[in-house]
Amino acid sequence: MKEKGRTARSDLDAVLAAGFLCHLGVLVDGTPMVVPTVYGATADTLYLHGSSASRSLIQAPDGTVCVTVTHVDGVVLARSVFEHGINYRCAMIYGVPRQVTDEAEKLTGLRVLTEQAAPGQWDYARRPSRKELAATSLLALGLDEASVKVRTGPPDDGDSPDAQLGLWAGVLPLTTVRGALVPDPALPPDIELPAHLRRD
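Since the model is a prediction, treat every value here as computed from it, not as a measurement. (Residues numbered from 1 in each chain as written. Predicted model: local features only at pLDDT ≥ 70, side-chain atom pairs only at ≥ 80, totals over all residues. Heavy atoms only, no water.)

**Re helix α3 (residues 103-117)**
Note the threshold: Secondary structure is summarised from DSSP: a helix means a run of H or I of at least four residues, a strand means a run of E of at least two, and numbering begins at the N terminus for each. Multiplying 1.5 Å by the residue count of a helix minus one yields the expected span of that helix. Three labels apply to residues, based on accessible area from a 1.4 Å probe with only protein chains included: buried if under 20% of the type maximum, exposed if over 50%, partly exposed otherwise in between.
Between its first and last C-alpha, α3 extends 21 Å over 15 residues, near the 21 Å set by a 1.5 Å rise per residue. By the burial criterion, the buried members of α3 are E105, K106, G109, L110, V112, L113, E115 and Q116.

Right under this line is the structure:
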């Protein structure tokens, strides 16, 4: 629906900044494949991570892909099932990605990706070895062609004949929250929680 479209670049940036999991749509041997993977975004590039053995990532640079990022904010409960809906924020990015082969850019992209999922973790954990870098595929996709749609607000049937049915209607909000940390069972008891993971 056109009214849900957003054209401001800030809307795209906000959708990308709010998450770290995307779905990569690509043709593999003529068959569509949609792969969930983590991403990291800079001002002009979306980095996508995977194994070098991943057929979808290896073949993606050969053609146009579609990457989607979606956040569900609520279930819209109307008086009529026909009017039910979802409050959401969604971005679709199109383009021909390139395989990142330069070691310096690969490290930069992996840092962007890591920091998007867990800010502060890149400087805390061990960096990838050369062998690990060789076993990792990283795609870079420009943000020049994208579509953003957003749906907010209550049901659309508040001024319809269904409003006279005497039924409750509204929004069931949904949020993603970070839960309590669960230590690795193999973790020695004297290792302290790093500052970037603490909640004050």
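**Here's the deal with the pattern of salt bridges**
Our working definition: Counted as salt bridges are all cases of a side-chain nitrogen of Lys or Arg within 4 Å of a carboxyl oxygen of Asp or Glu.
The final tally for this structure, using the stated rule, is 10 salt bridges. Across the salt bridge formed by R89 and D73, the nearest N and O atoms sit 2.7 Å from each other. A residue pair is termed long-range when its members are at least 10 positions apart, and R89 in strand β6 (residues 85-95) and D73 in strand β5 (residues 65-77) qualify at 16 residues. Its relative accessible area of 27% is what places R89 among the partly exposed residues. Given a relative accessible area of 26%, D73 falls into the partly exposed group. Beyond isolated ion pairs, a larger network of salt bridges with shared partners links R111, D123 and R127.

**Some words on the side chain of H71**
Just so we agree on the cut-off: Each polar contact in these results corresponds to two N or O atoms within 3.5 Å; when the atoms are within protein, one needs to be able to donate a hydrogen and the other to accept it, and residues that are neighboring in sequence are counted only if both atoms are side-chain atoms. Here, two residues are considered to be in contact whenever any of their heavy atoms come within 4.5 Å of each other.
Counting through the fold element by element, H71 comes out in strand β5. A distance of 2.8 Å separates the side chain of H71 from the backbone oxygen of V15, its partner in a polar contact. Apart from the residues within four sequence positions on either side, H71 is in contact with V15, A18, G19, N87, Y88 and R89.

**What to know about a nonpolar patch on the surface**
Worth spelling out the cut-off: The patches reported here contain residues having more than 30% relative accessible area and no salt bridge. Joining distances are 9 Å for like charges and 5 Å for nonpolar side chains (Val, Leu, Ile, Met, Phe, Trp, Tyr). Per-residue and other accessible areas were derived by the Shrake-Rupley procedure at a 1.4 Å probe size, with only the shown protein chains allowed to occlude residues.
On the surface, a nonpolar cluster with roughly 310 Å² of combined accessible area is contributed by V72, I86, L172 and L174. Tracing the chain through its elements places L172 in strand β10 (residues 170-173). L172 sits in the partly exposed class, given a relative accessible area of 46%.

**Looking at helix α1 (residues 9-17)**
Test applied: Starting at the helix axis, one direction is taken to each C-beta atom, and the arc is that of these directions.
Taken together, the buried positions of α1 are occupied by L12, V15 and L16. Buried residues of α1, viewed axially, fall in a sector of 95°; they line one side.

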